[in-house]
Amino acid sequence: MAVVSRGFRRRREPDDALPPGQYLVRDFPVLSAGPTPKVALDRWAFTITTEAGMEHTWTWPQLRALPSEQFTVDIHCVTKWSKLGTGWEGVSLDTLLARVTTGAGYALVSSYGGYTTNLPLPDLRGGKAWIAYRYQGAELAPEHGGPARLLVPHLYLCKSAKWVRGISLHEQDQAGFWETLGYHMYGDPWREQRYWGD
Ligand SMILES: Nc1nc2c(c(=O)[nH]1)N[C@H]1C(S)=C(S)[C@@H](COP(=O)(O)O)O[C@H]1N2
Ligand SMILES: [Mo]
């Protein structure tokens, strides 16, 4: 390991970690398009539905029994706040999708409460997306999506559906809630894809 004196140590510049147009926050803002739904854990289920209509469902105990990962990621909201180094625990979508046979290219994610959001299926694979149920060492708070939310931190946070209920797979991309209202179909923070046409 190189020994570098304090004066010469190159500090991590905020610009390296912050996508264009974003600013840092210390708190964790809550952005919900409606009320926080109450989901009893004994009635909670998560379902992946393929383009052929095949359903794969996990109950809460089944989800929690799967191998989980702890991961630290930066999150970026389309309304321009970013939070660096947030710590989570959850099940990788790779683990869930391993059971699923599909040739679909797109995913439409839906939540308890009715929220939806869309993204390409490859963005859920390769260690880039999780069903997260713990945040900073505690069970995920209801206002942040507890009992479980999707977390896809390489895209704007509107793709990270709180109170996630299921994912349906499709051959065509279908706009979700904010995407229908003019937000970007893909939403890459590093290319500042906030709205249609960005
Ligand atoms: N179910 C649901 N998920 C959602 C939303 C929502 O309104 N409902 N808002 C999205 C948006 S636009 C953002 S920025 C993040 C906010 O997550 P937070 O409230 O935990 O900060 O959740 C996303 N997931
Ligand atoms: Mo957002």
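Up top you'll find the structure we're talking about.
All of these numbers come straight from a predicted model, not from anything done at the bench.

**Describing the side chain of R194**
For R194, the position within the fold is in the segment after α4 (177–180). A distance of 2.9 Å separates polar atoms of two side chains, one belonging to R194 and the other to Q22. In contact with R194, other than residues within four places in its own chain, are P20, G21, Q22, C77, V78, K80, Y156, G182, Y183 and H184.

**Quick word on the sheet that holds strand β3 (residues 55–59)**
The strand order across the open sheet formed by five strands is β3-β2-β11-β6-β7, and the pairing between neighbours is mixed. Of all the strands in the sheet, just β3 and β7 (116–120) have a single pairing partner and so form its edges. Pairwise comparison of adjacent strand axes, ignoring direction, gives a mean angle of 15 degrees for this sheet. Here five bridges tie strand β6 (residues 106–111) to β7, and the two strands are oriented antiparallel to one another. Paired with S110 across the two strands is T116, which belongs to β7.

**What about the environment of P142?**
Within the element layout of this structure, P142 appears in the loop between β9 (138–139) and β10 (149–151). The sequence separation of P142 and W163 amounts to 21 residues, and the corresponding C-alpha distance is 8.1 Å.

Cut-offs and rules
- Residues numbered from 1 in each chain as written.
- Chains lettered and ligands numbered in written order.
- Predicted model: local features only at pLDDT ≥ 70, side-chain atom pairs only at ≥ 80, totals over all residues.
- Heavy atoms only, no water.
- Helix = DSSP H or I, 4+ residues; strand = E, 2+ residues; numbered from the N terminus.
- Polar contact = N/O pair within 3.5 Å; in protein donor to acceptor, adjacent residues only side chain to side chain.
- Contact = heavy atoms within 4.5 Å.
- Pairing = 2+ DSSP bridges.
- Axes fitted to C-alpha atoms, helices over the stretch in contact; angles between N-to-C directions.

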